[in-house]
Amino acid sequence: MTDDVNAAEQPEKDQVDAPTETQDESLFDAPPMAEQERMVEAILFATAEPLSLKDIASRLPMGCEPQTALVHLGKRYEGRGVNLVRVGEAWALRTAPDLGFLMQRETIEHRKLSRAAIETLAIIAYHQPITRAEIEEIRGVAVSRGTVDQLLEMDWIRFGRRRMTPGRPVTFVVTQEFLDHFGLETARDLPGLKELRSAGLLDNRPPPTDMPGPGEAEDESQDDEEQTELFEE
């Protein structure tokens, strides 16, 4: 008799629990689809990296349908300056491909030449065409590959003809870009010794080791002639 009573009471218990579950689910009504679109749009707009469907769903209120919201959002962005795009398994807002040129920006990078680069460039400009060995002989130190590569990358020097000597070493000469940067028509327009001295770039007095002896005088005209000969082809 007792078992029959328990069996009869069991269905009544189940009938009481069922409405409770339905009532709990009704407490989390999903926002309207238009509002879900706005939420997804805000999430993607504020995120630099693409987000997966799982990441988007984790940010939305319970009961939302991010997949459906993405479909509606994608249609709304068709033909606009910003498009909803799929990146692998993730989603992102990106500039329309045909408007990408508006995002480009050109900047001028100012790079300061090292002392070695300046010396090497000056030697090439005044002694061109000149080989690496001749540059090193004038400077008195070895010329690093990085120094030459930097000048080549800046398009201020280029490779000239090879010397008809053993090994046929390559020579270096200045480029049109070098002349244009310094406002020169040709390499012959480079300042000579007199111009450099008058501009204060060279000491007017010879160094003590090169002081002329008794009865000797410094021959500036000879120096200028040697300077001119550097540009004779």
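Heads up: the structure comes first, above all this text.
Just so we're clear, the structure is a prediction, and the values are computed from it rather than from any experiment.

Counting residues in hydrophobic clusters, the biggest one holds 21 residues, and the most contacted among them are Leu113, Leu121, Ile124, Ile135, Ile157 and Phe178. Those elements that place two or more of their residues in this core are α5 (115-127), α7 (145-153), β6 (171-174) and α8 (176-181). Take this core: its biggest share by element is 6 residues, from α5. What Phe178 contacts, discounting residues up to four positions off in sequence, is Leu121, Ala125, Asp155, Trp156, Leu184 and Leu190. Membership of the second largest hydrophobic core comes to 14 residues, among which are Cys64, Ala69, Leu73 and Tyr77.

Below, the discussion takes up the pairing of strand β2 (residues 82-87). Relative to strand β3 (residues 90-95), β2 runs antiparallel, the two being bridged by 6 bridges. From the neighbouring strand, Val82 faces β3, where its bridge partner is Thr95. Two successive antiparallel strands, β2 and β3, enclose a turn made up of 2 residues, where Gly88 displays a positive phi of approximately 65 degrees.

All right, on to the environment of Glu134 then. Note that Glu134 resides in helix α6 (residues 132-139). Since its relative accessible area comes to 26%, Glu134 is described here as partly exposed. Not counting chain neighbours up to four residues away, the residues in contact with Glu134 comprise Pro129 and Arg163. Here the side chain of Glu134 touches Arg163 through a polar contact of 2.7 Å, side chain to side chain.

Taken in spatial order, the 3 strands make up an open sheet running β4-β6-β5, and their pairing is antiparallel. In this open sheet, the two strands that pair with only one neighbour each are β4 (130-131) and β5 (157-159). Sheet topology places β5 next to β6; 3 bridges connect them, and they run antiparallel. Across the sheet, the residue bridging to Ile157 is Val174, located in β6. Taken strand by strand, α5 contacts β4, β5 and β6, and its axis lies near 90 degrees from that of β6.

So, how was this worked out
- Residues numbered from 1 in each chain as written.
- Predicted model: local features only at pLDDT ≥ 70, side-chain atom pairs only at ≥ 80, totals over all residues.
- Heavy atoms only, no water.
- Core = buried A, V, L, I, M, F, W, Y, C linked by side-chain atoms within 4.5 Å.
- Buried < 20%, exposed > 50% of the residue type's maximum accessible area, 1.4 Å probe, protein only.
- Helix = DSSP H or I, 4+ residues; strand = E, 2+ residues; numbered from the N terminus.
- Contact = heavy atoms within 4.5 Å.
- Pairing = 2+ DSSP bridges.
- Polar contact = N/O pair within 3.5 Å; in protein donor to acceptor, adjacent residues only side chain to side chain.
- Axes fitted to C-alpha atoms, helices over the stretch in contact; angles between N-to-C directions.

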